[in-house]
Amino acid sequence: MNKKLIVGNWKMNPGTLNEARKIARNVRRAALTLVHTEAIICPPSVFLVPLIPRKKARHFSIGAQSVYFAESGAYTGLISTAMLHDVGVEYVIVGHSEERQRGDTDEMVSKKVRAVIEAGMTPIVCVGESSRDDVGATHFGALREQIRNSFENVPKKAAGNIVLAYEPVWAIGAKDSMVPEQIYEMSLFVKKVFSDVFSQESAVKISVLYGGAVNSRNAADIVSIGKVDGLLVGRESLNTVSFVELLKAVDAVK
Ligand code: PEP
């Protein structure tokens, strides 16, 4: 069984390093009590270095929210995979819908995935349909295309180093998550497409996370009924009390 991964995407929050340290400290302490769950927090890049523990902490890792694929050069404002790896970042979110909306194409996503793996980190690759219809006339096809294209530049042997985050765009920031039964269906679908792109063997092993309006009340059902290997959490990851409850609820799922 894969360890369950709970990824907290802080986005452009909180406003101060002091607050960031507080949230990170509380999550790190709570993670000490986890048995088969890993807490991964993804703060804004400016807070990464001060939040990375000097010694590897139990069930706790730091991820970045973004990266650029070029090795170095005239890319004002951007950060390379080598820089992230050098300071101790272990995971990188790639292809989040908010970055895709700001212009990241599937091709750029695939170059980033490759660069992250080559630098020795694990990409958390976000995929998900923008809208849904009752009969699946468009969303399955759109999702299949997005997954295929997002791994276009990625060598087959890299499959074992990828985490997939299925995030239906309409559920991100929404009031309610997708219902767990549908999450189960979609997680099987993304695994099937992953299997077609890479191999059956890698699809059996891959961790598929769900993201979109996850909170401490729905997390356990999403993991147990939706049969996903973890969660990508936005808003609720900044509320320490709720995020710690969420971690414990998921860790208790058999
Ligand atoms: C996200 O930003 O990836 C996300 C899932 O956000 P939220 O949990 O706030 O819906």
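Scroll up to find the structure this text is about.
Residues numbered from 1 in each chain as written. Predicted model: local features only at pLDDT ≥ 70, side-chain atom pairs only at ≥ 80, totals over all residues. Heavy atoms only, no water.

Points about the sheet that holds strand 5 (residues 122-127)
Sheet strands associate in pairs through backbone hydrogen bonding, adopting either a parallel or an antiparallel arrangement.
And then number 1: The strand order around the closed barrel built from eight strands is 1-2-3-4-5-6-7-8, with neighbouring strands paired in parallel fashion. Within this sheet the neighbouring strands show an average axis-to-axis angle of 25°, counted without direction.
And then number 2: The sheet contacts of helix 5 (residues 106-118) involve strand 4 (91-94) and strand 5, and relative to strand 5 the element is tilted by about 160°. (Pairing = 2+ DSSP bridges. Helix = DSSP H or I, 4+ residues; strand = E, 2+ residues; numbered from the N terminus. Axes fitted to C-alpha atoms, helices over the stretch in contact; angles between N-to-C directions. Contact = heavy atoms within 4.5 Å.)

Some details on a positive patch on the surface
And then number 1: A cluster of basic residues, Arg-21, Lys-22, Arg-25, Arg-28 and Arg-29, forms a positive patch at the surface.
And then number 2: Position of Arg-28 relative to the elements: it lies in helix 1 (residues 17-31). (Patch = residues over 30% accessible without salt bridge, like charges linked within 9 Å, V, L, I, M, F, W, Y side chains within 5 Å. Areas by Shrake-Rupley, 256 points an atom, 1.4 Å probe, with all protein chains shown as cover. Salt bridge = Lys/Arg side-chain N within 4 Å of Asp/Glu carboxyl O. Lys, Arg positive; Asp, Glu negative; His and termini not counted. Charge placed at Lys NZ, Arg CZ, Asp CG, Glu CD.)

Examining the site of the ligand
And then number 1: Near the ligand you find 14 residues, and of these Lys-11, His-96, Glu-167, Gly-173 and Arg-235 are the closest.
And then number 2: Within the backbone of Gly-173, an N or O atom sits 2.8 Å from an oxygen atom of the ligand.
And then number 3: The backbone of Gly-234 places a nitrogen or oxygen atom 2.8 Å from an oxygen atom of the ligand.
And then number 4: Per-class residue counts for the shell around the ligand are five nonpolar, six polar and three charged. (Near = heavy atom within 4 Å. Polar contact = N/O pair within 3.5 Å; in protein donor to acceptor, adjacent residues only side chain to side chain. Nonpolar A, V, L, I, M, F, W, Y, C, P; charged D, E, K, R; others polar.)

Observations concerning the pattern of salt bridges
And then number 1: As enumerated under the stated definition, the model contains 15 salt bridges in all.
And then number 2: Here Lys-11 ties to Glu-98 by a salt bridge, and the two come within 2.7 Å at their closest N and O atoms. Taken together, the residues span a long stretch of sequence, with Lys-11 in the loop between strand 1 (4-9) and helix 1 and Glu-98 in helix 4 (residues 97-101) at a distance of 87 residues.
And then number 3: Overall, Glu-98 belongs to the partly exposed group, its relative accessible area being 28%. (Buried < 20%, exposed > 50% of the residue type's maximum accessible area, 1.4 Å probe, protein only.)

Some details on the packing of helix 1 against helix 10 (residues 240-251)
And then number 1: Relative orientation of the contacting elements helix 1 and helix 10 amounts to 20°, with a least axis distance of 10 Å. On the basis of their axis angle, the class for helix 1 and helix 10 is roughly parallel. The way helix 1 lies across helix 10 gives a crossing that is right-handed. Side by side, helix 1 and helix 10 meet where Ile-23, Asn-26, Val-27 and Ala-30 of the first sit next to Thr-240, Phe-243, Val-244 and Leu-247 of the second. (Parallel < 35°, antiparallel > 145°, perpendicular 65-115°, else oblique. Left-handed = near helix turned anticlockwise from the far one by under 90°.)

Topic: the packing of helix 6 (residues 139-150) against helix 7 (residues 180-197)
And then number 1: Remark: helix 6 packs on helix 7, axes separated minimally by 10 Å, with the N-to-C direction vectors making an angle of 40°. As judged from the angle between their axes, helix 6 and helix 7 are oblique. The way helix 6 lies across helix 7 gives a crossing that is right-handed. Contact residues: helix 6 offers His-139, Phe-140, Leu-143, Arg-144, Ile-147 and Arg-148, while helix 7 offers Glu-185, Met-186, Phe-189, Val-190, Val-193 and Val-197.
And then number 2: Across the contact of helix 6 with helix 7, the residue classes break down as eight nonpolar, one polar and three charged.

Observations concerning the packing of aromatic side chains
And then number 1: Scanning the model with the defined rule gives seven aromatic pairs in all.
And then number 2: Taking 5.4 Å as the distance between ring centres and 70° as the angle between the ring planes, the aromatic pair formed by Phe-151 and Phe-198 counts as edge-to-face. On the criterion of sequence distance, the pair formed by Phe-151 in the loop between helix 6 and strand 6 (163-166) and Phe-198 in the loop between helix 7 and helix 8 (200-205) is long-range, its members being 47 residues apart.
And then number 3: Using a relative accessible area of 7% as the deciding quantity, one classes Phe-198 as buried.
And then number 4: Feature note: the residues Tyr-68, Phe-69 and Tyr-75 constitute an aromatic cluster, connected by ring pairs.
And then number 5: Directly above the ring of Tyr-184 sits Lys-227, whose terminal nitrogen or CZ lies 5.3 Å from the centroid. (Phe/Tyr/Trp six-rings, centres within 6.5 Å; stacked < 30°, edge-to-face > 60°. Lys NZ or Arg CZ within 6 Å of the ring centre and 35° of its normal.)

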